[in-house]
Amino acid sequence: MKVLILLSLMEETSEFLDEDGQLQNLEDEVVQEVLKTGTDLRQYSRQIEKELKQVENKSIQDYIKESENIASLHNQISSCDNILERMESMLLSFQSDLGSISSEILSLQRKSVSMSQQLSNRQGIRVQLSQFIDDMAVSEALIMGILECPVTEKEFHTQLTSLNHKINFVKEQSFKDARCCLDVKDILEKLKIKAVTKIRAHLLEQIYKFRKPMTNYQVPQNALLKFKFFFEFLLSNERSCAQEVCNEYVDTMSKIYYSYFKSYSSRLSKLQFEEAATKDDLMGIEETGPRGLFYKASLKHKSTVFTIGNRGDVLTTHLESPIIVPHAAQKNDGRYPYEALFRSEKYALLDNACREYLFLTEFFMVCGASALDLFNQIMGKTLNLLSVGFEYVFRLNIQSIKDCDPTKFSKEMGPHYITRRYAEFSAAIVGISESFPNEQVNRLLADLQEEVEYFIYKMAAIFPQRKEQLIFLINNYDMILGVLMERTRDNSKEADKFRECLNARSAEYVEEILSPHFGGIIQFVKEGEAMVEKGKADELKKHEKKMLSLIQSFNGNWKNALDELNHEVLSSFPNLVTGSSLLQLALTQLVQYYNRFHKLLTPTARPQLTNIHHIMVELKKYKTNF
């Protein structure tokens with residue numbers, strides 16, 4: 001034990017010496033202090049060694065006193081080392097066990113994922129396989145539903161839907177070479193035949209109900225719509241049978257509509273007023289036509305044939321009024337104008353046609369061109385029966401004007417009654433076309449207008465003088481334009497055309513009436529301005545004598561000329577507004593000629609011309625308030 005203590009002391013002491021046994025740490029404060037004081041190092045070293053020896057001895061004594069404790073500590077440390085060694089062994093064993101458990105957990109996890117995927121796959125296959133079996137299998141309920149249930153029961157409809165699905169499913173699987181299709185193909189075919197037979201009989205029975213007298217065909221139509229899937233089933237599985245049903249319906253309804261509207265139209269015609277338009281009431285027919293043995297007087301008021309009046313109400317306020325019921329109207333001894341009967345007939349046709357078209361598209365599942373073709377097969381004959389003879393009558397009116405002989409009419413320069421008929425008729429048609437535009441109507445109006453214009457020219461040609469021709473043309477154009485502007489838009493094509501004609505003829509008329517009174521000045525102005533344009537203004541001085549002669553004539557006659565113009569114009573035109581407008585146009589033109597004439601006069605002749613202010617004062621007397 002003492003040996004151990006000595007070894008410890010030696011270890012502690014040796015840390016102050018270097019490899020050669022010399023003191024270390026010369027930089028130590030004590031060492032530096034010794035060096036500074038100049039102390040003998042040998043002596044100091046010996047002293048230090050002595051002190052160290054004393055410390056060493058003292059430490060040895062301390063170690064000897066604590067030797068038992070140190071030995072006990074050493075034993076305890078050795079025991080702890082053994083315990084720690086055993087714990088290390090245990091921990092290493094536990095770590096090894098944990099590694100084995102982790103690998104087992106990973107293995108279990110992989111197995112769990114695999115089993116979960118297998119379960120998911122099996123469930124997916126089970127759902128698909130279950131659905132496949134349900135779609136493919138023919139249940140007892142399906143067989144009994146198709147074979148035993150009446151077609152009107154809900155159970156039959158339910159089983160028919162299921163059968164249709166199974167037939168389509170088996171067809172689809174047959175293309176995939178599914179062998180199980182062979183097991184149900186025969187039974188499905190037999191069920192299909194049975195279902196088609198029952199459906200065909202039922203649909204034909206419903207169609208035959210339309211043929212019963214006094215049947216409201218909308219009732220069986222609504223009944224058919226409840227079973228529209230029946231036709232869809234036939235169309236999908238037995239097209240020949242579906243076509244048979246469709247043909248039977250088309251044939252039945254075509255005859256029903258034709259018979260119904262033929263009877264309705266005939267009964268409506270008996271409700272018309274006795275006084276109605278005939279072929280003798282065309283636009284170009286003379287008011288005093290030839291009377292034969294079988295002559296029948298035309299309308300007392302022929303103008304009402306071409307005037308729309310309140311007859312246009314059938315297209316506005318009365319358009320959607322209830323249709324006329326013939327037997328109810330006959331009981332009340334009711335009479336109606338042709339327009340009211342026409343509206344009732346066409347409104348009934350429209351209502352039935354729209355209803356029929358909607359039924360066809362819903363029940364027979366057609367659209368577009370196919371629906372229109374099927375509709376025409378049913379309604380075509382009826383539409384031809386009731387097709388409006390509008391173009392035919394329109395063409396008759398055009399032809400009647402074309403056949404007019406102007407020499408048979410009296411020579412009157414006022415508006416012609418045929419022109420008035422045209423104006424009223426054209427305004428009525430144009431007014432309607434504004435709300436209901438139609439290209440065919442526009443073409444007919446253009447043809448009629450062309451013939452009327454030609455007729456007016458032919459009528460004007462029977463007057464020998466150009467002024468009379470212009471008066472006739474202006475009166476007729478003005479009357480037509482007035483009626484058109486009153487009944488239609490101001491910017492209609494017809495109004496623009498006749499406004500252009502009226503303006504052109506009015507300008508020509510003004511020149512025509514000014515010429516007898518101021519023709520010399522007008523002629524001089526035109527010739528003089530032509531000379532000025534050619535750069536020969538100086539030559540006007542040579543015509544000073546003619547200028548003075550024209551001035552003298554104008555100064556002496558212009559007031560009387562204005563009175564004569566006023567009387568002539570106002571007496572020539574029954575429309576005072578038109579007459580006053582033409583008079584003002586003539587006076588305005590006269591002032592323009594005066595100013596142009598004044599510019600051409602020589603300085604010598606110009607002062608002799610009546611002052612323009614005197615003329616303007618006089619012209620104000622002829623200004624009207626129309």
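From a predicted model like this one, the values you see are computed outputs, not experimental measurements.

S.K.: Please clarify how the overall build of the protein chain should be interpreted in this entry.
M.R.: Along the backbone of the protein chain there are 22 helices and zero strands. Of all 626 residues assigned to the protein chain, the portion counted as buried reaches 34%. Residue pairs at least 24 apart in sequence account for 75% of intrachain contacts in the protein chain once pairs closer than 6 positions are excluded. Surface accessibility of the protein chain: about 39,600 Å² in total, with carbon and sulfur atoms responsible for 54%.

S.K.: Help me out: how do you make sense of the confidence of the model for the protein chain in this one?
M.R.: Low pLDDT marks regions whose predicted coordinates should not be analysed in detail. Averaged over every residue, the pLDDT of the protein chain is 83; residues scoring 70 or more account for 88%. The weakest mean pLDDT in the protein chain belongs to helix 1 (residues 2-14) at 44; the strongest belongs to helix 10 (residues 239-269) at 92. Every residue in residues 1-10 scores below 50 in pLDDT, and together they form 10 contacts with partners more than four places removed in sequence or on other chains. For the stretch residues 289-303, pLDDT sits under 50, and the model shows 15 contacts to residues farther than four places along the chain or on other chains.

S.K.: Hey, could you run me through the pattern of salt bridges in this one?
M.R.: Note that side chains of opposite charge can pair when their charged atoms are close. For the structure on display, the rule yields 18 salt bridges. Glu244 is the partner of Arg200 in a salt bridge, and the nearest nitrogen-oxygen pair spans 2.7 Å. Taken together, the residues Arg200 in helix 7 (residues 181-208) and Glu244 in helix 10 connect sequence positions 44 residues apart. Classification of Arg200 by relative accessible area gives partly exposed; the value is 33%. When the shortest N-O distance is used, the salt bridge between Lys228 and Glu362 registers 3.1 Å. With Lys228 in helix 9 (residues 228-237) and Glu362 in helix 13 (residues 338-363), this residue pair connects regions lying 134 residues apart in the sequence. Here the salt bridges do not stand alone but share partners, grouping Glu391, Arg395 and Asp447 into one network.

S.K.: I keep staring at helix 14 (residues 368-386) and nothing clicks. Help me out?
M.R.: Structurally, the α-helix is built with 3.6 residues per turn, so residues lying three or four positions apart point the same way. Met379 marks the point of greatest bend in helix 14, at about 55°. Lining the buried residues of helix 14 we find helix 10 and helix 13.

S.K.: Where do I start with a nonpolar patch on the surface in this structure?
M.R.: A cluster of nonpolar residues, Phe94, Leu98, Ile101 and Ile105, forms a patch on the protein surface that exposes about 370 Å² of accessible area. Topologically, Ile105 is positioned in helix 4 (residues 67-136). Judged by its relative accessible area of 49%, Ile105 is partly exposed.

The rules behind the values
Residues numbered from 1 in each chain as written. Predicted model: local features only at pLDDT ≥ 70, side-chain atom pairs only at ≥ 80, totals over all residues. Heavy atoms only, no water. Helix = DSSP H or I, 4+ residues; strand = E, 2+ residues; numbered from the N terminus. Buried < 20%, exposed > 50% of the residue type's maximum accessible area, 1.4 Å probe, protein only. Contact = heavy atoms within 4.5 Å. Areas by Shrake-Rupley, 256 points an atom, 1.4 Å probe, with all protein chains shown as cover. pLDDT = per-residue confidence, 0-100. Salt bridge = Lys/Arg side-chain N within 4 Å of Asp/Glu carboxyl O. Bend = angle between axes of the 7 residues up to and from the residue. Patch = residues over 30% accessible without salt bridge, like charges linked within 9 Å, V, L, I, M, F, W, Y side chains within 5 Å.

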